[in-house]
Every structure is written in structure tokens, then in C-alpha cells.
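Geometric and topological summary
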Amino acid sequence: MEVFAVPGLPEIREGDDLAALVAERVDLRPDDVVCVASTVVSKAEGRGAALDDFPASERAHEVARRLSELAGEEKDPRFAQAILEESEEVILDAPFVLAVTRFGHITVNAGIDQSNVPDHDLLLLPEDPTASAEALSGSLGCPVVVTDTSGRPFRHGQRGVALGWAGMPAARDWRGESDRDGRELGVTVQAVVDELAGAANLVTGEGDGGTPVAVVRGFAFGDHEGSDLLFRSTDRDVVRSALREWTWT
Ligand code: GDP
Ligand code: MN
Ligand code: MN
Ligand code: MN
């Protein structure tokens, strides 16, 4: 398997045809998986925003006040308002805001980005990353994963995750297959699109590299059982349930 960045992509702006810009720069094969940083999907979809688009509610002022005290620096209540508006639920409001986006991804600040956004104050995540991936996959003729960089519980460090995907299942089901001992695997469902997103993030980088799109070549999902379940449902998520009950003091 090989992972390489698509070279020479310009700064992406609202209305740009991202699929065409990619297709001009790489000869894709039907079994390539194209991993696209959500940052450029958002830019193309016009998800850049101004802080002034988010006049702060009382709740946003409250959240920002608490964060400011904790951080020892002023946090903008309009940023807090943007998070509230992009979220289906706020799981934690301190010591950072952990929110569930409207499409079900749980991440800090609802994934609102202020890095690599020259034209706007803020960049919101794509509204429906699955729909974005479907459109890109349709145009490119191969599977597409829309990625973001995200933190995770239990461990330091951020890594790539899949927000939306099309043209392949999210996960490979290993249940029913055997280990080297002949023991049947009972639980393992491999989150393949997250693993591809992680690999892609290694070549896209996080800074000024200008490489938001990575091609994974030579990965075959194969003839395995797959599923598209990635985000846990609320009632089956013990970490989310525990955090709802927990307060930072
Ligand atoms: P995120 O993980 O989706 O939040 O995206 P990042 O901000 O980490 O950026 C991933 C990669 O895309 C980095 O190499 C950035 O330099 C690059 N990048 C971000 N925006 C653009 C853009 O508009 N055009 C190009 N060519 N590269 C970009
Ligand atoms: Mn991001
Ligand atoms: Mn990133
Ligand atoms: Mn193992």
C-alpha cells in the first residue's frame, strides 16, 4: 500500500470544483481511496464564517467567561456561540468544549477551525460530510474519505479521523474469522476509514504544507463483510454518558 499527497493544489475558495482540481493533478485508479481534509471541503462549500455572524447568547457568554478564567486569556463569546450553533449537544463546557456535531461526530469546539483559514475568522466543518464524500466519489470515480484532525480520549496527541465516506464501507467486520490458533474472532470490527484517515494525515501534515488531499493506492477492502456504523449511538456510549454526569471543578 502506498500513500501520497496530491501536489500543487491552490488555496481553495467557495465554489471551487475540488474534484476537478484533484483529477487534473493525479491519474486516479478506481480502487484508489482519496482522502480529503475537511478543511478544503469546507472552504469549497462556503463554510468560512465571520465571528460577527454569531452574536453571543447569554449561554455563550457564560461558556466563554468560564473558559477565559480557566485559560487565563480572553475567549471570544462569539466563538462559543458558533460552537453552540454547530452542535446537537454540548457534552462538556469546561475545561474545553466537547460537542456533538449535527452529523454525529464528537470533537472539541465542534471541529471549528481557525488554522489554515486565510479568508475568514472561522471555518465550520462540512454540514454533511457523507454527502460531500458522495459527491466527490461520484466525480472522481473512486472511494473518498473526508477527514479531520481530532483529539481522542485516554491518549495524548491528535490523529486523522473519518467524518464522511463514500464508495466503501466504514468498517471491516472480522467477526467469524479465525486467529492463528483457529479461535473465532468475536468482537473485532476494524474502523478502516479511520485508519486510512490516519495514514492520510501523515502525508497531509497539519501546517503550511498545502497538501490537503492524499491518495491511498493498493489498499483493498476485499470481499469482506462491512458496515457503516462508526459513531456510537447515545445509549450505547458509556464514555459519553459518564461525561454528561461529570463536572469540571
Ligand atoms: P484539517 O485536518 O482538515 O483541519 O486540515 P489542516 O488544517 O490540518 O490542513 C491539512 C493540510 O491541508 C495541510 O497540509 C494544509 O497546509 C493544507 N491546506 C489547508 N487548506 C488548504 C488549501 O486551501 N489549499 C491547499 N493547497 N492546501 C490547504
Ligand atoms: Mn480541522
Ligand atoms: Mn489536520
Ligand atoms: Mn491484536
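Further up the page is the structure itself.
Okay, so let's go over this structure. (Residues numbered from 1 in each chain as written. Chains lettered and ligands numbered in written order. Predicted model: local features only at pLDDT ≥ 70, side-chain atom pairs only at ≥ 80, totals over all residues. Heavy atoms only, no water.)

1. Quick word on the layout of surface pockets
Of the voids in this model, the largest pocket is the one considered here, and its volume is about 1,400 Å³. Counting only elements with at least two residues in the lining of the largest pocket, the list comes to β4 (87–92), β6 (106–108), β8 (144–152), β9 (155–166), β11 (189–190) and α7 (238–245). The dominant element in the lining of the largest pocket, judged by the number of residues it contributes, is β9, at 7 residues. Counted by class, the lining of the largest pocket contains 21 nonpolar, 11 polar and 8 charged residues. Looking at the second largest pocket, its volume works out to about 770 Å³. Taken together, 37 residues make up the lining of the second largest pocket; nearest its centre are Thr39, Asp113, Ser115, Asn116 and Glu206. Where the lining of the second largest pocket is concerned, the elements lending two or more residues are α2 (38–44), β6, β8 and α6 (192–204). A total of 5 residues in the lining of the second largest pocket trace back to one element, the largest contributor, which is β8. (1 Å grid on protein atoms, 1.4 Å probe; cavity = no way out; pocket = protein on both sides within 12 Å on 5 of 7 lines; lining within 4 Å. Points joined across faces, edges and corners; volume = space filled by probe spheres on them. Helix = DSSP H or I, 4+ residues; strand = E, 2+ residues; numbered from the N terminus. Nonpolar A, V, L, I, M, F, W, Y, C, P; charged D, E, K, R; others polar.)

2. Brief notes about the site of ligand 1
Surrounding ligand 1, one finds 23 residues, the nearest of these being Leu9, Pro10, Thr204, Gly207 and Gly210. Take Thr204: an N or O atom from its main chain is 2.7 Å from an oxygen atom of ligand 1. A distance of 3.5 Å separates an oxygen atom of ligand 1 from a polar atom in the backbone of Pro212. Compared with its free state, where it exposes 580 Å², ligand 1 has 96% of that area covered by protein. Among the detected pockets, ligand 1 sits in the second largest pocket. When residues of the shell around ligand 1 are traced back to their parent elements, those giving at least two are α2 and β8. No other element matches the 4 residues that α2 contributes to the shell around ligand 1. For the shell around ligand 1, a count of residues per class yields 6 nonpolar, 11 polar and 6 charged. (Near = heavy atom within 4 Å. Polar contact = N/O pair within 3.5 Å; in protein donor to acceptor, adjacent residues only side chain to side chain. Areas by Shrake-Rupley, 256 points an atom, 1.4 Å probe, with all protein chains shown as cover. Sits in = over half its atoms within 2 Å of the grid points.)

3. Structural notes on the sheet that holds strand β10 (residues 171–173)
Strands pair in a sheet through their backbones, by hydrogen bonds, and they do so in one of two ways: parallel or antiparallel. With antiparallel pairing, 3 strands are arranged side by side in an open sheet as β11-β10-β13. Looking at strand neighbours, the two that pair on one side only are β11 and β13 (226–227), the edges of this open sheet. (Pairing = 2+ DSSP bridges.)

4. With respect to helix α5 (residues 129–140)
Taking 1.5 Å of rise per residue, the 12 residues of α5 would be expected to cover 16 Å, and the 16 Å separating its terminal C-alpha atoms lies within 8% of that figure. Within the sequence span of α5, burial applies to Pro129, Ser132, Ala133, Leu136, Ser137 and Leu140. Taken down its axis, α5 places every buried residue within 130° of arc, on the same side. For α5, the exposed residues lying more than 90 degrees away from the buried face are Gly138 and Ser139. Packed against the buried residues of α5 are α1 (18–23), β2 (33–37), α2, β8 and β9. (Expected span 1.5 Å × (residues − 1). Buried < 20%, exposed > 50% of the residue type's maximum accessible area, 1.4 Å probe, protein only. Arc of directions from axis to C-beta. Contact = heavy atoms within 4.5 Å.)

5. Details of the coordination of the manganese ion (ligand 3)
Protein coordination at the manganese ion (ligand 3): the donors are Thr149 (OG1) and Glu206 (OE), at 2.1 Å from the metal. A distance of 5.2 Å spans the gap from the manganese ion (ligand 3) to the manganese ion (ligand 2). Here Thr149, found in strand β8, pairs with Glu206, found in the loop between α6 and β12 (213–217); they are 57 residues apart in sequence, far enough to count as distant. Of the residues examined, Thr149 reaches a relative accessible area of 26% and is grouped as partly exposed. A residue is classified by how much of its surface remains accessible, and Glu206, at 48% relative accessible area, is partly exposed. (Donors = N, O, S within 2.8 Å, 3.2 Å for Na, K, Ca; no water.)

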